[in-house]
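Coordinates in review
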Amino acid sequence: MDKNPYLAPGVVIAARLGRDREWHRILSQVERNHLSIVGPRYIGKTVLLHALARHFQEGNGPFRTSFYWDLRHNTPASDEQFYAQLAEKLAASVRPIYAEYASELEAPDGATYKGILTILELLRDEGISILFCLDGWDRLLLDDGVTRNLLDNLRALAEWPTVRLATGSRRRLRELCTSRAARTSDFHNIFGNPLSLTVLGEADLESFLGPFESRGVVFGTGAKTELFNWTGGIPALLAYCCRDLWHATAEGATVTKEMVDAVGTRLHAQERDTLQDLWEDCTEEQRAFVARVYEADSFEPEASDCRLAASLTERGFLIQDGRKVRIGCRSLGNFLADGPGGTANVLHSLFGTPEAFTNNTKGLLQLRFAAMRGVDEELADYLRNAIDNVDKPHVMIRNIRALIERCFVLIWDRALPDRKIPPEWTEEWRKPDRDGNEVRNPPEGYVPGRLGQQCRLLDLMTDARKTRRTSIRRSTYVLINGLQGVGDYGQHPEGEKITQDYGVAICLSALQLVRQLTEDLLDG
């Protein structure tokens, strides 16, 4: 029997099947543009990036060589580690062209930014273009070891006409930065609008089933329709079904509707882990909406739910049926029938045991976040990243520190836009307050740069025993002061293990802070 071309997600990356429209768009743009490919888990980002790297590896088209780098595995934890791994990838790709350059990159001095820069300059002078295909870019940006300096250096390289970058991530790049410094790097400006991947459509199916056609296998009446009904067009689920159908058919055979149904019926049990991954990749808000649709069988979303319904349709979970939506993936429906879509005693099942609390509080945080309105976009990104990484304390704390930095920017933009502390404020603080308390060395001149000193300034401005100098509530200051201490502690944990439950407590405080600060700024 022929080698099965349909591979489940794993160590070996499947060949590209389908996505012809996206593929041609990428090929038409990549010579002159840096590309960002965005989409949820198992949607096909890795397959596209890997195919892109292989396409140009042999010198096809405008690039003399290219390489694929999966940053989700052995993710660099510092700028130095990033450069060392980049040098390794670059050396492997240029060895067939210039073995001498590859050897220089593999030398200790070559595995640095300066060493990489030297080789790329030599290649640039010879007109040799290279494509970097960087998968799992979100994993790198969410790590606290990445600095703005690294991103700025990559930006400098990316400005050369001989270097092009193609990245894959689950969200837009700027949304993923864990520090304000990284977020403000001009690196992100080199990418235009991202290519957002959604589930495969009917036009993709013909290409996806191409290997069957090469064996003379045809699909009978209703068979292709049932493939969509069972999988929702989700690439990973389609691959599982086609893998089993490939084993079940011989050359020249016909795939019947009944054969597809037999494979689809087993799908939710055989590939439960994949369905669980797809389910957990959604936010709690999305999961709750899918559960409502499943329980109602068919559901007409309110106007406020249209965005949510659209995002789930793009994932293949739902399908539009007139003005209503219904479950668009039958195997997902079978998965939900086993329990994930509903609970009997909600509070007890979600939070009644330590294990349940740990497993479900992230969803609680996500729902609370989803209910917030009118929040500053940058502040919302840091808060979302902290919540999404509540089980990764070092990432969570990094985002909390960035959130506090952004809070102070918003506060000073409103209260002290020129960043000058009025002299009369300082003079009042030098005098005893109504309780006889004196302030030693009160702030004066300009707003200080250190967060701890900014907290002290806000403390004085919100102290009820003194003249009120801001619309920020005292309780808001207390939250800021506490979370600022969390950021400082995260930089020096002294080997202490930080638990997820600690992260939950921090994120709950951050949610309340962002809510109160948004209200305070509106009242100011």
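Anything mentioned here points back to the structure above.
As a starting point, this report considers the structure included with it. No experiment lies behind these values; they were computed from the predicted model shown.

1. Some details on the nonpolar core
- Formed by 65 residues in total, the largest nonpolar core has its most connected members in Phe-208, Leu-209, Phe-212, Phe-289 and Phe-317.
- Sorting elements by how many residues they give to this core places helix α12 (residues 235–248) first, with 8 residues.
- With residues near it in sequence (within four places) discarded, Phe-208 still touches Tyr-6, Leu-17, Gly-18, Leu-200, Pro-235, Leu-238, Ala-239 and Cys-242.
- In this structure, Ile-387, Phe-408, Ile-472 and Val-504 belong to the second largest nonpolar core, which totals 49 residues.

2. Remarks on the packing of aromatic side chains
- In the structure shown here, the tally under the stated rule is 18 aromatic pairs.
- Residues Trp-279 and Phe-335 carry aromatic rings whose centres are separated by 6.3 Å and whose planes lie at 65° to one another, so their mutual orientation is edge-to-face. Of this pair, Trp-279 sits in helix α14 (residues 272–281) while Phe-335 sits in helix α17 (residues 330–337), and the two are 56 residues apart along the sequence. When sorted by exposure, Trp-279 lands in the same class as Phe-335, which is buried.
- An aromatic cluster is present here, built from Trp-69, Phe-82, Tyr-83, Tyr-113, Trp-137, Phe-187 and Phe-191 joined pairwise through their rings.
- Here Arg-124 stacks its cationic end above the ring of Trp-160, 4.3 Å away from the centre of that ring.
- The aromatic ring of Trp-230 is capped on one face by Arg-330, whose charged end is 4.7 Å from the ring centroid.

3. A word on the pattern of salt bridges
- Per the counting criterion, the structure on display carries 42 salt bridges.
- Residues Lys-392 and Asp-391 are paired through a salt bridge, measuring 3.9 Å at the closest nitrogen-oxygen approach.
- The partly exposed category is assigned to Lys-392, whose relative accessible area is 36%.
- Across the pair Asp-413 and Arg-419 runs a salt bridge whose closest N-O atoms are separated by 2.7 Å.
- According to the relative accessible area criterion, Arg-419 is partly exposed, its value standing at 25%.
- Shared partners join several salt bridges into a network, and the residues in it are Glu-226, Lys-257, Asp-261 and Arg-330.

Parameters at a glance
- Residues numbered from 1 in each chain as written.
- Predicted model: local features only at pLDDT ≥ 70, side-chain atom pairs only at ≥ 80, totals over all residues.
- Heavy atoms only, no water.
- Core = buried A, V, L, I, M, F, W, Y, C linked by side-chain atoms within 4.5 Å.
- Buried < 20%, exposed > 50% of the residue type's maximum accessible area, 1.4 Å probe, protein only.
- Helix = DSSP H or I, 4+ residues; strand = E, 2+ residues; numbered from the N terminus.
- Contact = heavy atoms within 4.5 Å.
- Phe/Tyr/Trp six-rings, centres within 6.5 Å; stacked < 30°, edge-to-face > 60°.
- Lys NZ or Arg CZ within 6 Å of the ring centre and 35° of its normal.
- Salt bridge = Lys/Arg side-chain N within 4 Å of Asp/Glu carboxyl O.

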